[in-house]
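Analysis of the macromolecular model
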Amino acid sequence: MACPIRHSFTIPRHFCNLTAVATRKPSIGLPLSASSRHYFSTRTANMQDADLKALRVQQSRLMDALHHTCSFGTGKRWGSATTETGMARLALSDSDKQARDWFIETTKALGCTVTVDAMGNIFAVRPGRREGPATFAGSHLDTQPSGGRYDGILGVHAGIEMLSVLQDHQVETEFPVGVVNWTNEEGARFPMSMVSSGVWAEDIPLDRAHNLQEVGGGTATMKSELERIGYLGSVPASYRSLPMAAHFELHIEQGPILETEKQKVGVVKGVQAYKWFTVDVNGRDAHTGTTPLASRADAMLLAARLIMHSHRLATAHSAVASTGILTLSPGSTNTIPGHVRFSLDVRAPTDETVEAMEAAMKRDFAALAAGDDVDGLLAHSTPGKPLNVEWRTDFVSPATVFHPDCIAAVRASAEVVTGSSSLVRDMTSGAGHDSVYASRRCPTSMIFVPSKNGVSHNPEEYTSPEDCAIGAEVLMQSVLRYDRLRASA
C-alpha cells in the first residue's frame, strides 16, 4: 500500500554552497560568484507584514510578458481579441525553444545565474546575502496540443515578475531565490507527465526519461530533442546537484470551486493520488450482418460497459475515473471490433481509495468479460461470447502532503493580499504538478487562482488579469516569508 510522501531535505555537504553548482560550467549559464553579488537597501529579514504588503506586482507588466510569450506556439483561436487564442507549445518543440530562450534572456537581465540540467530544466537564481540553496518559484512553459495560456505559464511568469519587483524595490533576500522552468510537465508530447521533476527527485531514472519516444508515431526521443534545440545541459538532473531550499508553485485551479464560491486564493495542502492504466479488451472480429448477437465477442460493446462501470465505481468511492484514449481494430463499418484498447485515469484524495477502486474494477471487469451481469449492465441485452481483459499500470502518483511551513507561508500571504480570510480556502489539487516531485526533496506548497468556468486543457482556459496579479503577489510574499523564516532559524 502506497503511503503519503515523506520529505527529504538533507543537502549534501559538498553542495551547501550554491556556487559549487554554477561553477560546473553548464552548457547554458554563468557562474555564480561572490563578485557577482549585489547589495540592496531592503533586507527581507527586517521586513514586517506591512512591508511585504507594500511590494506590489505590476499587473500590466505580468500580463504583457505572458501574452508576448504566447506568440511562441499560438494555438486555436476562440474569440476575436488578440489574446483570445489557445496554445500548442509541445515540450522541446521549436516554439518551446523560443520560450526557453526568452526565459533565459529575461532572467539574466534581472541579475540571475542560469543553469540547465540534463533534462533541460532551467534554474534561474538571484543571489542573496548568504550562500545556500535557493527558494524557488516554479512551474512549466510547455502546453497541451490544444491548451490554454495560463496552465503552467502563469506560474513561471509570476516567478519572473517576483524577480522584477525585487529589483524595482532593491530588495535583498537573505538567501538566494529563483525561478525554475520544468521540462515536459504536461506529458503531452513525451508520455510521462512531470517526468523531468521526477528525474530531479531521483524517482525516475534518467535513461528512462531520455528514451521516452514522442507520441503520434514519431521517432524523436526526449534526449534527441534536447540535443536538437540545444537544451541538453551538462549538470546532472538531480536534487543532489541542484538542491532547492523550498518550492512554491502558482497555478490556475483548473476546476470550478474558487469561482463558484467567489473566493480568490486556494492554499494547496496536497495533491490527490492517481493511477493511469491501459486496458486491452480481446474479442473476435466478425461480420456485422451475418453474426447473431449471441455469437458475438464484441470488444467495443464490452469496452463501453467497462468504461460505464468505472464511472459508477468512482461515484461509489468518491473518486473520479476517466477515459481519454480509445482505439479499436480492425476499424471497419461492417466488422465487429475484435480488439479495443483504452486508457483509464483513476484519482482520489487517498492512496487507499485508488487501490480500492483498482481492485473493484479488476474484479468486476473480469466478471463482465466472462458474461456475468454486474449492477444491471447486461439488462435487456443479448448475452454474447466470453472475452478477455488485460491490464497494464502506466503511472502511479501517490497522495502528496505538502510541508506545513510552506502552507503557512501561503496562507498568511493570501490573507494579507486579499485582505480577508473569507476569500481564501484550503484545497487539495486534483491534478498532478511538478510540486509533487519537488515535495519529495524539499518543503513545498502551491497557490491556486480561479479558472473561468473551471475550464483547463482547452483553448478557452482563462484567469482574469486581476486574479493573475493576486496570485503573483501571494507567490512573491510566500517566497519572501519563507526566506525570512530561514533567516530566523
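Residues numbered from 1 in each chain as written. Predicted model: local features only at pLDDT ≥ 70, side-chain atom pairs only at ≥ 80, totals over all residues. Heavy atoms only, no water.

**A word on the overall build of the protein**
- A tally of helices and strands in the protein yields 14 helices and 20 strands.
- Relative to a compact globule of 489 residues, whose C-alpha radius of gyration would be 23 Å, the protein shows 24 Å and is just as compact.
- In terms of principal-axis extent, the alpha carbons of the protein reach across some 85 × 50 × 50 Å.
- Out of the 489 residues belonging to the protein, those deemed buried represent 57%. (Helix = DSSP H or I, 4+ residues; strand = E, 2+ residues; numbered from the N terminus. Rg over C-alpha atoms; globule rule 2.2 N^0.38 Å. Buried < 20%, exposed > 50% of the residue type's maximum accessible area, 1.4 Å probe, protein only.)

**Observations concerning helix α8 (residues 222-229)**
- Within the sequence span of α8, burial applies to M222, E225, L226 and I229. Buried residues of α8, seen end-on, are gathered within an arc of 105 degrees and therefore sit on one face of the element.
- G230 sits one or two residues past α8 and shows a positive phi near 80 degrees. (Arc of directions from axis to C-beta.)

**Here's the deal with the pattern of salt bridges**
- For the structure on display, the rule yields 27 salt bridges.
- The closest approach of N and O atoms between E174 and R130, which form a salt bridge, is 3.4 Å. Here R130 lies in the loop between β5 (122-126) and β6 (134-140) and E174 lies in the loop between β7 (171-172) and β8 (177-182), a separation of 44 residues in the sequence.
- Taking relative accessible area as the criterion, R130 reaches 35% and is therefore assigned partly exposed.
- The network of salt bridges with shared partners includes R43, R129, R130, E172 and E174. (Salt bridge = Lys/Arg side-chain N within 4 Å of Asp/Glu carboxyl O.)

**A word on the layout of surface pockets**
- Its boundaries defined by the atoms lining it, the second largest pocket holds a volume of some 260 Å³.
- Surrounding the second largest pocket, 16 residues form its lining, L301, R305, T382, P383 and G384 being those nearest its centre.
- Those elements giving two or more residues to the lining of the second largest pocket turn out to be α10 (299-317) and α11 (351-370).
- For the lining of the second largest pocket, the element with the highest residue contribution is α10, accounting for three residues.
- Grouping the constituent residues of the lining of the second largest pocket by class yields eight nonpolar, four polar and four charged. (1 Å grid on protein atoms, 1.4 Å probe; cavity = no way out; pocket = protein on both sides within 12 Å on 5 of 7 lines; lining within 4 Å. Points joined across faces, edges and corners; volume = space filled by probe spheres on them. Nonpolar A, V, L, I, M, F, W, Y, C, P; charged D, E, K, R; others polar.)

**What about the packing of aromatic side chains?**
- By the definition in use, this model includes eleven aromatic pairs.
- Centroid distance Y274 to W276: 5.9 Å. Interplanar angle 40 degrees. Geometry classified as tilted.
- Taking the relative accessible area as the measure of exposure, Y274 reaches 2% and is therefore buried.
- Each member of the aromatic cluster is reached from another via a ring pair, and the members are F123, F136, W182, W200 and Y239. (Phe/Tyr/Trp six-rings, centres within 6.5 Å; stacked < 30°, edge-to-face > 60°.)

**Some thoughts on helix α5 (residues 153-168)**
- In this model, α5 (16 residues) spans 22 Å end to end at C-alpha, consistent with the 22 Å of a helix rising 1.5 Å per residue.
- Looking one or two places after α5, you find Q170, whose phi comes out positive at around 50 degrees. (Expected span 1.5 Å × (residues − 1).)

**Digging into the packing of helix α3 (residues 59-69) against helix α14 (residues 465-488)**
- Two numbers describe how α3 lies on α14: the axes approach to 9 Å, and their chain directions differ by 105 degrees. Considered as vectors, α3 and α14 are oriented roughly perpendicular to each other. On α14, the residues touching Q59, L62 and M63 of α3 are P465, E466, C468, A469 and A472.
- Looking at the contact of α3 with α14, its residues break down into six nonpolar, one polar and one charged. (Axes fitted to C-alpha atoms, helices over the stretch in contact; angles between N-to-C directions. Parallel < 35°, antiparallel > 145°, perpendicular 65-115°, else oblique. Contact = heavy atoms within 4.5 Å.)

**Remarks on the nonpolar core**
- Counting residues in hydrophobic clusters, the biggest one holds 101 residues, and the most contacted among them are F103, F123, M162, W200, M244 and F248.
- Sequence-distant contacts of F248, defined by excluding residues within four places in its chain, comprise T135, F136, A137, G138, C406, A409, V410, S445, L475, S478, V479 and Y482.
- Counting residues in each nonpolar core, the second largest holds 31 residues, with L313, A319, L368 and V374 among its members. (Core = buried A, V, L, I, M, F, W, Y, C linked by side-chain atoms within 4.5 Å.)

**Some thoughts on the packing of helix α12 (residues 404-418) against α14**
- Contact pair α12 / α14: the axes reach a minimum separation of 8 Å and the direction vectors enclose 130 degrees. Judged on the interaxial angle alone, α14 and α12 are oblique. For the pair α12 and α14, the crossing hand works out as right-handed. On α14, the residues touching D405, C406, A409, V410, A412, S413, A414, V416, V417 and T418 of α12 are I470, E473, V474, Q477, S478, R481, Y482 and L485.
- The residue inventory of the contact of α12 with α14, partitioned by class, reads eleven nonpolar, four polar and three charged. (Left-handed = near helix turned anticlockwise from the far one by under 90°.)

**Describing the pairing of strand β20 (residues 444-449)**
- Within β20, six of the six residues are buried, which leaves the element mostly enclosed by the surrounding structure.
- Of the two faces of β20, the one lined by T444, M446 and F448 and the one lined by S445, I447 and V449 are each fully buried.
- Relative to β20, strand β9 (residues 244-252) is paired through six bridges, and the arrangement is parallel. Bridging from a neighbouring strand, I252 pairs with V449 of β20.
- Inspection of the sheet shows strand β10 (residues 265-271) paired to β20 by three bridges, in the antiparallel sense. (Pairing = 2+ DSSP bridges.)

**Topic: the environment of T82**
- You can see T82 is positioned in the loop between β2 (74-77) and β3 (85-87).
- Taking the C-alpha atoms as reference, T82 lies 9.3 Å from H67; in sequence the two are 15 residues apart.
- Setting aside chain neighbours within four positions, we find T82 in contact with R77 and R149.

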